[in-house]
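Each chain, written out:
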Amino acid sequence: MSKKIISYLAAIVLFASCLMPAGAVFVSAATVSTLATGDYYIYSGVGSDKVLDVSGSSKTNGANVIINKYAKSASQVFHVTNLGNGTITIQNKNSGLMLDVYAASTASGTNVWQYASNNSNAQKWSLMTTSRSGYYAIKTLLANNVLDVYGASNVAGSNVWVYQSNNTAAQQWKFVSAQAASQGGSSNQGTTVTTNKRAGFASGYYMIQSKVSPSRYLEVANDSLANGGNIQLGPTGQTASRVFYLTNLGSGNFTIENALSGKMMDLKDSGTDNGTNIQQYSSNGMTAQKWYISSTRTDGYYTISTAINHKKVVDVNGGNSAPGTNISIYTLNKSDAQYWKFVKVSRPAVSLKDGIYVMRSCLSTSYVVSVPSKSTENNANVALYRNAGNNFQKWQIMSVGNGYYKVINMGSKKALHVVGAGKAYGTNVVQYTWRESKAQKWKLSGCRGIFTLTNMANGLALDVSGGSAANNANIQMYGSNGTRAQKFRLEATTYTEPVTRTSTYVKDPATGKMFQLEAQYLTDPVMGRDVTEEDFLAAVLYTEAGDQGTSGMMMVGYVIENRLEAGKAAAKAGRYVEYPGTLDIMIYQTQQWEVARNGTLTRVLQNIVSGSADYLANARSAAKKVLAKQNIVLETTATIYTKTGTNTSQMSALNSGTSIKASGFNYNSFMTPGAWNRFATDGRHYKFASGYGNGKNTLLYRGHVFFMDEELW
């Protein structure tokens, strides 16, 4: 901005300060409005033909924001993203840069420009109602300042800044759909802004009734406790799988947790396409597990919108009222299939379905009830141990009648047993051959996936000695006291009968193809038996990219995921299968992953089994995010080369903080820059004049070049 403009800005600030009483604030306290994510022209209240624009249609950081005469130009279109909680971002479609308050200043009279996305409050806004119907104040999250036209001028090119709210035309804005305008509208007509009544339910237990039928409620199919358990329509009846615990997050936003499983209602893969499935999944804090509940009705029915996009709502497939009908996400159309009533209920009684479970301690979910010695002998001790996914950490829980269960260890086939049926506090717990004794029968009580186990022989609770979350922390009996030492989260799991590995030629169950594997496959700890899939993947990510941050490890993880999906897709289509569709078979495939044959992966897997792999914390986090298909957030700058011609590429930078969608990271190979250059110039592969581009699509990040196979081999 020129010095001349700055002097005018200073003058107007001084003039306004003389007219306004000290501390005056006019920001409306009315309900924050909801605006659908989409493309808009943003009309100013100073003139029916004036819209928000970027000076000179500039695409550079720091370009000034102005009002201009409506001309259908690309720089006059802004993409609004509804972030939930009444917060939006405003991005110029022409430049891809965000509407931003200069230097994140909280001062009235601060200029507004466009700037690269950085997720700061300087780029976040909320809409407030004004005295003029259809027009809204656009308030910065930094302070009680709103978007304002300098001097209330209606002259094209007039500057836009943030200024203390005064409810004048200079601070009133109307959002008009760019799509509607492109279909014939050319003026300030209509708006998609609506004001809904946000739900204010108290946190608690509810049944969620569908408007398609008063006898149909949301439920988790088959009383599942597993991640991915389906959400569907169920009949009436207050069973735990049809009761949900709502946590009020404020501003109409909630989490919805199943009372049986303790898992969150979740939008699969964070998708917003119509028909995206709704499931249950372990709490992970993602927006896909947050829901905006609101209504314009007066009959007690509400829509349940995903916090990702308030125009996509929970919907009964086809409006069908039959039990078992699937539930998915769909564009708001105000049909009965999209309306729900929340019926307050008491905490439900929970009966556990027979199955195989991991019992995670609520002291730390990293530790589970185990037979650490992996002994099959009677009286082997039961204790906490860091979860490694082996069969001595899995328990078959089966009803024996009258509300009691037997609990059988899957590694030893021995029962959870109180020594001598002792009634003293501190009596030890071991494994022992099932004898149908009271010392081996347990009553499970709890809700939301968390249970206590009370023994029939003594009425005491299963307890972690000293409340210690550590390897070999002893399991004992103790008087019920409601502490976390006596609470365990039960998670449904699978069981694999141990099979001796005898050959390095293995048929991949996912593709049906035979693959030759490295010799370490025969002796390394087994995924699904000795270590979990998540920990196996974490070990691979750590050995391949442990020095490249969470984002670098996630990139490697998505290369692996892309190969797995490619292998399965090829097999399904009857094409040549290049990649296995099973994780451990892929990693051990001969001559593919150096870490699988040089001992590096072996050592890390052995550390996991022995409980001495705390150094994997970051890798475990990366693996968890990959398996949940979360976005990659860059921790430093990446360089991307995009093919523009047969032998030409365009280079661009992705700044730190840039978010890359999992579905957008399509690379299926990677190598170090040194290896890339050797392969690219050794005379047997494609040669390049320089760099990583020249007709290729590649991404260079920290110590790896990511590419598609066909671009090098």
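Note that this is a predicted model, so its numbers are computed, not measured.

Calculation rules
- Residues numbered from 1 in each chain as written.
- Predicted model: local features only at pLDDT ≥ 70, side-chain atom pairs only at ≥ 80, totals over all residues.
- Heavy atoms only, no water.
- Helix = DSSP H or I, 4+ residues; strand = E, 2+ residues; numbered from the N terminus.
- Buried < 20%, exposed > 50% of the residue type's maximum accessible area, 1.4 Å probe, protein only.
- Contact = heavy atoms within 4.5 Å.
- Areas by Shrake-Rupley, 256 points an atom, 1.4 Å probe, with all protein chains shown as cover.
- Pairing = 2+ DSSP bridges.
- Polar contact = N/O pair within 3.5 Å; in protein donor to acceptor, adjacent residues only side chain to side chain.
- Axes fitted to C-alpha atoms, helices over the stretch in contact; angles between N-to-C directions.
- pLDDT = per-residue confidence, 0-100.
- Arc of directions from axis to C-beta.
- Phe/Tyr/Trp six-rings, centres within 6.5 Å; stacked < 30°, edge-to-face > 60°.
- Disulfide = S-S within 2.5 Å.
- Expected span 1.5 Å × (residues − 1).
- Core = buried A, V, L, I, M, F, W, Y, C linked by side-chain atoms within 4.5 Å.

## Examining the overall build of the protein chain
Thought 1: Counting its regular elements, the protein chain contains eight helices and 46 strands.
Thought 2: Every one of the 713 residues in the protein chain was classed for burial, and the buried ones make up 52%.
Thought 3: Here the contacts in the protein chain between residues at least 6 apart in sequence split such that 61% fall between residues at least 24 apart.
Thought 4: Only carbon and sulfur atoms are counted for the fraction: they give 49% of the accessible area of the protein chain, which is about 29,700 Å².

## Notes on the pairing of strand β15 (residues 217–220)
Residues in a regular strand point their side chains to alternate faces of the sheet.
Thought 1: A two-sided burial pattern is seen for β15, the buried positions comprising Tyr217 and Glu219 on one face and Leu218 and Val220 on the other.
Thought 2: Summarising the sheet, β15 and strand β16 (residues 231–234) pair through four bridges and their orientation is antiparallel. Paired with Tyr217 across the two strands is Gly234, which belongs to β16.

## Quick notes on the side chain of Gln548
Thought 1: Positionally, Gln548 belongs in the loop between α3 (533–545) and α4 (549–573).
Thought 2: Within the structure, the side chain of Gln548 is placed 3.0 Å from the side chain of His704, a separation counted as a polar contact.
Thought 3: Excluding its chain neighbours within four sequence positions, the residues that come into contact with Gln548 are Met553, Glu635, Tyr701, Arg702, Gly703 and His704.

## Remarks on the sheet that holds strand β44 (residues 669–671)
Sheets are built from strands that pair by backbone hydrogen bonding, the pairs being arranged parallel or antiparallel.
Thought 1: Taken in spatial order, the five strands line up as β42-β41-β45-β46-β44 in an open sheet, and their pairing is antiparallel. This sheet does not close on itself; its edge strands, each paired only once, are β42 (648–654) and β44. Here the strands of the sheet are splayed against their neighbours by 20° on average, with no regard to which way each runs.
Thought 2: Pairing geometry for strand β41 (residues 638–645) and strand β45 (residues 698–701), over three bridges, is antiparallel. Among the inter-strand pairings, Tyr641 is bridged to a residue of β45, identified as Thr698.

## Overview of the confidence of the model for the protein chain
Thought 1: Confidence along the protein chain averages 87 in pLDDT terms, with 91% of residues attaining 70 or more.
Thought 2: Note on residues 1–29: pLDDT under 50 across the span, and 31 contacts to partners over four residues away in sequence or across chains.
Thought 3: Note on residues 685–690: pLDDT under 50 across the span, and 20 contacts to partners over four residues away in sequence or across chains.

## Describing helix α6 (residues 600–610)
Thought 1: The set of residues buried in α6 consists of Leu601, Thr602, Val604, Leu605 and Ile608. In an axial view of α6, the angular spread of the buried residues amounts to 170°, which keeps them on one side of the axis.
Thought 2: Looking at the buried positions of α6, the neighbouring elements they touch are α3, α5 (583–588) and α7 (617–627).
Thought 3: Of the residues trailing α6, Gly611 is marked for its positive phi of about 80°.

## Quick notes on the packing of aromatic side chains
In this description, an aromatic ring pair is defined by two values, namely the gap between the centres and the angle between the planes.
Thought 1: Counted under the stated rule, the structure contains 22 aromatic pairs.
Thought 2: With centroids separated by 6.0 Å and ring planes inclined at 45°, the aromatic side chains of Phe201 and Phe254 adopt a geometry described as tilted. With a gap of 53 residues between them, Phe201 in the loop between β13 (197–198) and β14 (204–210) and Phe254 in strand β18 (residues 253–258) connect regions that are remote in the sequence.
Thought 3: The exposure class assigned to Phe201 is buried, which follows from its relative accessible area of 15%.
Thought 4: Taking relative accessible area as the criterion, Phe254 reaches 0% and is therefore assigned buried.
Thought 5: An aromatic cluster is defined as three or more aromatic residues linked by ring pairs; in this entry it consists of Phe201, Tyr206, Phe254, Tyr302 and Phe342.

## Digging into unusual backbone geometry
Thought 1: Positive phi outside glycine occurs at Gln591, with the angle close to 60°.
Thought 2: Along the chain, the position of Gln591 falls in the loop between α5 and α6.
Thought 3: One non-glycine residue, Lys629, adopts positive backbone phi at about 60°.
Thought 4: In this fold, Lys629 is placed in the loop between α7 and β40 (632–633).
Thought 5: In this structure Lys629 comes out as partly exposed when scored by relative accessible area, which is 35%.

## Things to note about the state of the cysteines
Thought 1: Within the structure shown, the criterion is met by zero disulfides.
Thought 2: Distance from the sulfur of Cys447, which forms no disulfide, to the nearest cysteine sulfur (Cys362) is 13 Å.

## Let's talk about α4
Thought 1: In a regular helix each residue adds 1.5 Å, so 25 residues correspond to 36 Å; α4 covers 36 Å between its end C-alpha atoms and thus fits that length.
Thought 2: Downstream of α4 by one or two residues, Gly574 has phi in the positive range, about 75°.

## Some points on the nonpolar core
Thought 1: In this structure, Phe536, Ile560 and Leu601 are the most contacted members of the largest nonpolar core, which totals 56 residues.
Thought 2: The set of elements that each furnish at least two residues to this core consists of α3, α4, α5, α6, α7, β41 and β45.
Thought 3: Ranked by residue count, the leading element in this core is α4, at nine residues.
Thought 4: In contact with Ile560, not counting residues within four places along its chain, are Leu537, Val540, Leu541, Leu583, Met586, Ile587 and Trp593.
Thought 5: Met207, Ala380, Trp395 and Leu416 belong to the second-largest nonpolar core, a separate cluster that totals 44 residues.

## With respect to the environment of Thr493
Thought 1: By secondary structure assignment, the location of Thr493 is in the loop between β37 (488–492) and β38 (505–507).
Thought 2: Given a relative accessible area of 28%, Thr493 falls into the partly exposed group.
Thought 3: If we skip the residues at most four places from it in the chain, Thr493 touches Ile356, Tyr357, Val358 and Lys394.

## A look at the environment of Tyr301
Thought 1: Its location among the elements puts Tyr301 in the loop between β21 (291–295) and β22 (303–306).
Thought 2: With 200 residues separating them in the primary sequence, Tyr301 and Arg501 have C-alpha atoms 57 Å apart.
Thought 3: When sequence neighbours within four positions are dropped, the list of residues in contact with Tyr301 reads Gln209, Ser210, Lys211, Ser295, Tyr339, Trp340 and Lys341.

## Examining the side chain of Gln589
Thought 1: Mapped onto the secondary structure, Gln589 falls in the loop between α5 and α6.
Thought 2: Discounting residues that sit within four places of it in the chain, Gln589 has contacts with Phe515, Gln516, Leu517, Glu518, Glu578 and Pro580.

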